[in-house]
Each structure stands twice: as structure tokens, then as C-alpha cells.
Amino acid sequence: MRVLLVHPSPLMYSELYLRLEPLGMERVGAALLEAGHEVRMLDLQIFSHRDYFHELDSFKPQAIGFSLNYLANVPEVIDLAKATRQLARDCFIFVGGHSGSFIAPDLLEHAQGALDCVVRGEGEAITQQLLDAIGGGNLGRLPGVVTADGSGTPPKLIEDLDRFMPARHLMRRRNKYFIGELDPCASIEFTRGCPWDCSFCSAWTFYGRSYRKSTPEAAAEDMASIKEPNVFIVDDVAFIHPEHGFAIGQEMEKRKIKKRYYLETRSDVLCRNEEVFAYWRRLGLEYMFLGLEAIDEEGLKAHRKRSSTGVNSKALEVARKIGVTVAINLIADPEWDERRFEIVREWALSIPEIVHLTVATPYPGTETWYTESRKLTTRDYRLFDIQHAVLPTRLPLNRFYEELVKTQSVINRKHMGLGIIKDVAFLVAKLALQGQTNFAKMLWKFNKVYNPKRQYGDHFKEVTYEMRLPDQTGKRPPGDLLYIHPPKVARTASAAAR
Ligand code: B12
Ligand code: SF4
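This section reports on the structure supplied with the text. (Residues numbered from 1 in each chain as written. Chains lettered and ligands numbered in written order. Predicted model: local features only at pLDDT ≥ 70, side-chain atom pairs only at ≥ 80, totals over all residues. Heavy atoms only, no water.)

Take the overall build of the protein next. A tally of helices and strands in the protein yields 23 helices and 17 strands. For a compact globule of 498 residues, the expected C-alpha radius of gyration is about 23 Å, and the protein comes in at 22 Å, within 12% of that figure. In terms of its C-alpha atoms, the protein occupies a principal-axis envelope of roughly 60 × 55 × 50 Å. Each of the 498 residues in the protein was classed as buried or not, and the buried ones make up 60%. In the protein, the proportion of contacts linking residues at least 24 apart, taken out of those at least 6 apart, comes to 78%. Surface accessibility of the protein: about 21100 Å² in total, with carbon and sulfur atoms responsible for 52%. (Helix = DSSP H or I, 4+ residues; strand = E, 2+ residues; numbered from the N terminus. Rg over C-alpha atoms; globule rule 2.2 N^0.38 Å. Buried < 20%, exposed > 50% of the residue type's maximum accessible area, 1.4 Å probe, protein only. Contact = heavy atoms within 4.5 Å. Areas by Shrake-Rupley, 256 points an atom, 1.4 Å probe, with all protein chains shown as cover.)

This is how it looks when you write it as C-alpha cells:
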């Protein structure tokens, strides 16, 4: 069967700092290739809607799967599905991915027949079965598959993370993927899932708090197959088990792999497993993303971060000592007033690290969706990108955005001001000679992307598709409502982290 897999357009954040390959879609693509299908992929982070319709015309896919990891992309995907249905009546159109999994019945309702089904959970194995079953009339009985007629059993986790290595070769114009000066940059996955349970996050609810690892050999082989000189490790929390990180590194050394890396982890994991991060520094680790989320104990508790400001400060010291550049994330609360923004600006300027601010957003699939969603000021999917305020702000909304953008730009100037640009001019020129201009463009785009008027104005756009609020609000729901992949056994973060 001719199958086209499509990733939707970029959101605000990716317009500026990064654009990365859709690894999940590439893994689903690998599974479909294995099953003998003819597969093409199109990433609308790089290509246009015009290119998409051209692809429909030239490739004539019999099935189209949209990857819906981000809630803010829902209207775009629904509109594309509807337009596709008009042009290709017999085409089988389906959706999968992180956010899509949490709102499957709503997607089918919005699509009014343009979507044949939604695939909840991990897509590799089930998409093979799904395409085999098309025309058989019992799609809704497959695990994780939801159709207008109902849904089957809960989705199943794949047994072996090594089985479907990403079909990276199917992504076109790979030189467009980058993160900061790591330009171009590929992505890789060593582990899947997270054993913690932060209240604002859906990584743990998606995977039922499971945590699985690739074998070191398979991870190193995958790394060896990557052509790019830079690699982003997509794991939610890198190197929870240090021996796994060491084993992958040793396999990579055997294969003489030398690249530069970016990863994400937690402060307590960095402090506890300092040696493995220092070892990876020697292998080429350059950047680390730490979700500190708050600079006070109260904030950390509210996010159920299960960490402390002391551990956060210690983690920054560890990263400085081993020589890795840290990008910190803080969650801006809509309750913040001018004084609070001022404190955050002062704090951000007092440390050498890069600081990012995102806005607290209750997402379907998180605990805050149930505890906070009653207060939502909007149900426009497009605003759920953690750069917009969807809860009531203490400041008037336009003032909130002014303070937010002021804070972001003060912090941004610290890292991308003229002084720094002089320092990086050599690097920009070197990349330009290699035909890589993503990083150079990023340096100049801040004001175009982060603009308080634009962010405020986004609240007044016409809304075609509205999110449905959960039936039960105000308190944490029973586990089976939260999870996509139900947990096999109840587990604690500390047990899994050992
Ligand atoms: C890596 C990552 C990124 C990367 C790469 C994104 C990309 N191009 O794919 C970067 C750093 C760019 C990024 C950015 C953002 N991210 Co992000 N990201 C992740 C992360 C950590 C891992 C995703 C991943 O690659 N996993 C590995 C692959 C193998 O898994 P997967 O993509 O989920 O794919 C599987 C299934 O979902 C499914 N599937 C996927 N596609 C398809 C398609 C079909 C047809 C089918 C059937 C199945 C299917 O099958 C796959 C294989 O099992 C997730 C957290 C998580 N654990 O999921 C957050 C996460 C998805 N990101 C999130 C957010 C908020 C963002 C940002 C909005 C943040 C910001 N500050 O602006 C931006 C927006 C990006 C954009 N689109 O413009 C949220 C999503 C919130 C939401 N509900 O919308 C998550 C869940 C993090 C969180 N803890 O809340 N992100
Ligand atoms: S540690 Fe990170 S990935 Fe895990 S639940 Fe918390 S925010 Fe999500």
C-alpha cells in the first residue's frame, strides 16, 4: 500500500530556537516499511501545505497518517484531513501521536467523517496491524484504535525498543533540522517513558509510568547510522540508570563515533549520576536542558517536581564543573505580577545559564487538566503551546504578555546580543560555508517571533474547533482515566529511578 505520513507545521518555539526531526513518525515509518508498504513522509515544519497537496497528486497515497504530538496542531490536522477527504474519497486517513491519543473521540467529532480512526499510544506495531485490517470492518477492535463506532482494548506497549529503528532516510531536506548552533542536528532515542509524575506533564501518563531502554548495542548502531555531526537525545530524562549511559557510550567508543550532543534531564538525576554526565561530556555532550520549573520551594511543590531549590542549585554547579552548557526551563504562572517577573529577570541575569520561560498550561493527559481546566479562559487548541496564557492572568492579559516578552527578551539579549554575535560570527560563517543557515537565521528572529501584540492578538482569532472540557474537574481522576498505556504494576519514582 502507498502510505504517506505527515507531521504538521511548527509552533512558535520551533520557529526560533530549533526544528527537530519527527522521530516517532520515523519509527512508525520503519514499521510500515518492514511490513512491505511503500512509504513517504512529509514534514510540514519544513514543507508547505502546497507541497502536501502536490504530494497527494503525485504519490496518490492509499493511506495517510498524521502525527499529532502537539495539541496546538489539532485545527491544522483536522482541516488537512477534511481537504484531503474532498480530494481523495477512498483514501484511509488516520491520526496518531501523543496529544491525539488523549483526545481521540474529540478528533473524530471535529473531523466529521474525514478521519477513519485515531491510533492511541505507541504507533509502531499497531499501525502495521491497522493497515492489514483496512476494509475488514473491525478496525475498532484493534488495541488502541478508536473509530466513530467505538474503541478497542487499551493500546499495547511494544515489546522491544530495538526493533523499529527510525527510517531517517525518508525525511527530506534533513539539513533543516537544528537546535541552536548544533546545525544540522539529528535526533535519537535511548529510553522511553518517565517514572516521575509531575502534575503538569503527560509524559508519564502516556507511558503509564513505565521506563524502557534500548540495548546499548542497538543504540550505538543507531547512532553510527546518523550522518549529522550533532544529535539531540529525545529521552525525557537522560541517564536515570547511569550504567545504561556508560554502556551506550562504551559501544559508541568501540565504533569510534564522535559527535556533539544535546540532552534533557532532571537536577536530581544529574547530581546523583554526575560521573555518567562527565563521561558523556568527554564523548561530546555540549548542552543539557534542565526543567527546573520554579525558583522557590512552593512552586516546586505545586508542580510535584519532587526536587528542591537546593538540588537545583547543586545541579547547576555540577554542570558548570563538568563543562556542559545548561538551558533552564521555568514555568511562568499566570498569577505572576510585575514584581514576580522582575524577580525572575534578576535571577535569570544573575546566573550564566540560558533560561527559557514557558507558560503554565493544563494539557489533556495531565493532572492539571482535571484540577485547573474549569478556569480556562479559552478552548482554542492553537493557544495550547505553552507560550500563551490559557488560564486567567492576574495582570491584564496584554500586560502579562508585555512582561513575559520583556523577560524573555532581557534573557535572550544575554545570550544573543551583539557582543555574543561577534563571538559567534566565525561559527556562523563556517556553517554558512557548509550551507547551514538555520542558526544564523535564529539569531535575528527573536523580535518577529516573540511579540506581545501578536501573542495577545492570537486570543481574538476566530475559533473553529473548541476543546472539550473533562467531565470530572477539580480533583485528580482515577488512574485509568489518566493513562494511555495503563501501568502493569503500581510503581514509585524512587523505585524506577534505581
Ligand atoms: C523530543 C520532543 C520535542 C522535540 C522534537 C519535536 C518533534 N519534531 O518531534 C522539540 C524539542 C523540538 C520539542 C518541542 C516542543 N515540545 Co516537545 N517533546 C518532545 C518529547 C520529549 C519526546 C518526543 C519524541 O520524540 N519521543 C520519541 C518518539 C519515538 O515518540 P513519539 O514522538 O511520541 O511517537 C510515538 C507515538 O506518539 C506515536 N506516533 C507519533 N506520530 C505518529 C503518527 C502516526 C500516524 C501514528 C499512528 C502514531 C504516531 O508512535 C510513535 C512511536 O511509538 C515529548 C515528551 C514525550 N515523552 O513524548 C515532548 C512533548 C511532546 N513536547 C511538548 C511540548 C509542549 C513542546 C513544545 C510546544 C514546547 C515549547 N516550549 O514550545 C514544542 C513544540 C514543537 C513544535 N511542534 O513546534 C509536550 C506536548 C504537549 C501537548 N500535549 O501538546 C510533550 C508531551 C512534553 C511534555 N512533557 O509535556 N519537543
Ligand atoms: S520528570 Fe520530566 S518527563 Fe518526568 S514527569 Fe516530570 S516533567 Fe514529565
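As a further point, take the sheet that holds strand E3 (residues 38-43). Read across the sheet, 7 strands follow the order E3-E1-E4-E5-E6-E7-E8 without closing on themselves; strand pairing throughout is mixed. Across the chains shown, the open sheet's two edge strands, defined by having one partner strand only, are E3 and strand E8 (150-151). By the bridge criterion, 5 bridges tie strand E4 (residues 63-67) to strand E5 (residues 92-96) in an arrangement that is parallel. Across the sheet, Gly 65 pairs through a bridge with Phe 94, a residue of E5. In the packing of helix H6 (residues 104-111) onto the sheet, contacts are made with E5, strand E6 (117-119) and strand E7 (145-147), and the angle to E6 comes to roughly 150 degrees. (Pairing = 2+ DSSP bridges. Axes fitted to C-alpha atoms, helices over the stretch in contact; angles between N-to-C directions.)

Approximately 770 Å³ is the volume found for the second largest pocket. Taken together, 34 residues line the second largest pocket, and the ones lying closest to its centre are Phe 102, Pro 105, Arg 120, Tyr 370 and Leu 481. Elements with a minimum of two residues in the lining of the second largest pocket: helix H5 (98-102), H6, E7, helix H16 (367-372) and helix H22 (479-482). If one sorts the elements of the lining of the second largest pocket by residue count, H22 sits on top with 4 residues. (1 Å grid on protein atoms, 1.4 Å probe; cavity = no way out; pocket = protein on both sides within 12 Å on 5 of 7 lines; lining within 4 Å. Points joined across faces, edges and corners; volume = space filled by probe spheres on them.)

All right, on to the packing of aromatic side chains then. Per the counting criterion, the structure on display carries 17 aromatic pairs. When the centroid spacing of 5.6 Å and the interplanar angle of 65 degrees are considered together, the rings of Phe 341 and Phe 400 count as edge-to-face. Of this pair, Phe 341 sits in helix H15 (residues 338-350) while Phe 400 sits in helix H17 (residues 397-416); the two residues are 59 residues apart in sequence, bridging distant segments of the chain. Overall, the relative accessible area of 0% leaves Phe 341 in the buried class. One cation-aromatic arrangement involves Arg 172 over Phe 47; the distance from NZ or CZ to the ring centre is 5.8 Å. Over the ring of Phe 47 we find Arg 173, and its NZ or CZ is 5.6 Å from the ring centre. (Phe/Tyr/Trp six-rings, centres within 6.5 Å; stacked < 30°, edge-to-face > 60°. Lys NZ or Arg CZ within 6 Å of the ring centre and 35° of its normal.)

Side chains Asn 230 and Phe 232 project from strand E13 (residues 230-233) onto one buried face, and the interleaved Val 231 and Ile 233 project onto a second face that is buried too. Taken together, the 3 bridges between strand E10 (residues 186-188) and E13 define a ladder with parallel strand orientation. Residue pairing across strands places Ala 186 opposite Val 231, the latter belonging to E13. Sheet analysis places E13 next to strand E14 (residues 260-265), joined by 3 bridges and oriented parallel. Counted as the bridge partner of Asn 230 is Arg 260 from E14. Between the parallel elements E13 and E14, the chain passes through helix H10 (residues 242-254) in a crossover that is right-handed. (Right-handed = clockwise from strand over helix to strand, strands pointing away.)

Attention now goes to the sheet that holds strand E17 (residues 354-359). As a general point, the strands of a sheet are linked pairwise by backbone hydrogen bonds and lie either parallel or antiparallel. Ordered in space as E10-E13-E14-E15-E16-E17, the 6 strands form an open sheet in which the pairing is parallel. Looking at the sheet topology across the chains shown, the edges are occupied by E10 and E17. The sheet shows a mean angle of 25 degrees between the axes of neighbouring strands, direction not considered. In the packing of helix H12 (residues 274-283) onto the sheet, contacts are made with E13, E14 and strand E15 (285-293), and the angle to E15 comes to roughly 140 degrees.

Before going further, it helps to spend a moment on the site of ligand 2. Taken together, Cys 194, Trp 196, Cys 198, Phe 200, Cys 201, Ala 203, Trp 204, Asp 236, Arg 266 and Lys 305 make up the full set of residues adjacent to ligand 2. Tallied by class, the residues present in the shell around ligand 2 amount to 7 nonpolar, no polar and 3 charged. (Near = heavy atom within 4 Å. Nonpolar A, V, L, I, M, F, W, Y, C, P; charged D, E, K, R; others polar.)

Turning our attention to the nonpolar core. Nonpolar side chains in soluble globular proteins generally cluster together in the buried interior. Judged by nonpolar contacts, the single largest core of 74 residues is most densely connected at Leu 5, Tyr 52, Phe 66, Phe 94, Leu 107, Leu 115 and Leu 130. In this structure, Leu 5 is in contact with Met 25, Val 28, Gly 29, Leu 32, Val 39, Arg 40, Met 41, Leu 42, Gly 65 and Phe 94, ignoring residues within four places of it in sequence. Residues Ile 233, Ile 240, Val 318 and Ala 332 belong to the second largest nonpolar core, which totals 58 residues. (Core = buried A, V, L, I, M, F, W, Y, C linked by side-chain atoms within 4.5 Å.)

Between helix H3 (residues 49-59) and helix H4 (residues 74-87), the least distance of the axes is 12 Å, while the angle of their chain directions is 30 degrees. Where H3 crosses over H4, the two elements pack in a sense that is right-handed. Listed contacts from H4 to His 49, Tyr 52, Phe 53 and Leu 56 of H3 are Glu 76, Leu 80, Ala 83, Thr 84 and Leu 87. Tallied by class, the residues present in the contact of H3 with H4 amount to 6 nonpolar, 2 polar and 1 charged. (Left-handed = near helix turned anticlockwise from the far one by under 90°.)

What follows deals with H6. Among the 8 residues that make up H6, 6 are buried, leaving the element largely enclosed by the rest of the structure. Taken together, the buried positions of H6 are Ala 104, Asp 106, Leu 107, Leu 108, His 110 and Ala 111. Packing partners of the buried residues in H6 comprise H4, E5, H5, E6 and E7. Gln 112 occupies a position one or two residues after H6 and carries a positive phi of about 45 degrees.

Quick look at unusual backbone geometry now. Of note, the amide linkage connecting Asp 183 to Pro 184 takes the cis form, showing an omega dihedral of 5 degrees. At Lys 256, a residue that is not glycine, the phi angle is positive and equals roughly 55 degrees. Here Lys 256 lies in the loop between H10 and E14. Of note in the backbone geometry, Ile 386 takes a positive phi value of approximately 55 degrees without being a glycine. Locating Ile 386 in the fold gives a position in the loop between H16 and H17. Assessed through its relative accessible area of 29%, Ile 386 is described here as partly exposed.

Checked against the element boundaries, Gln 387 lands in the loop between H16 and H17. Classification of Gln 387 as buried rests on a relative accessible area of 2%. A distance of 3.5 Å separates a polar atom in the side chain of Gln 387 from a polar atom in the side chain of Gln 408. (Polar contact = N/O pair within 3.5 Å; in protein donor to acceptor, adjacent residues only side chain to side chain.)

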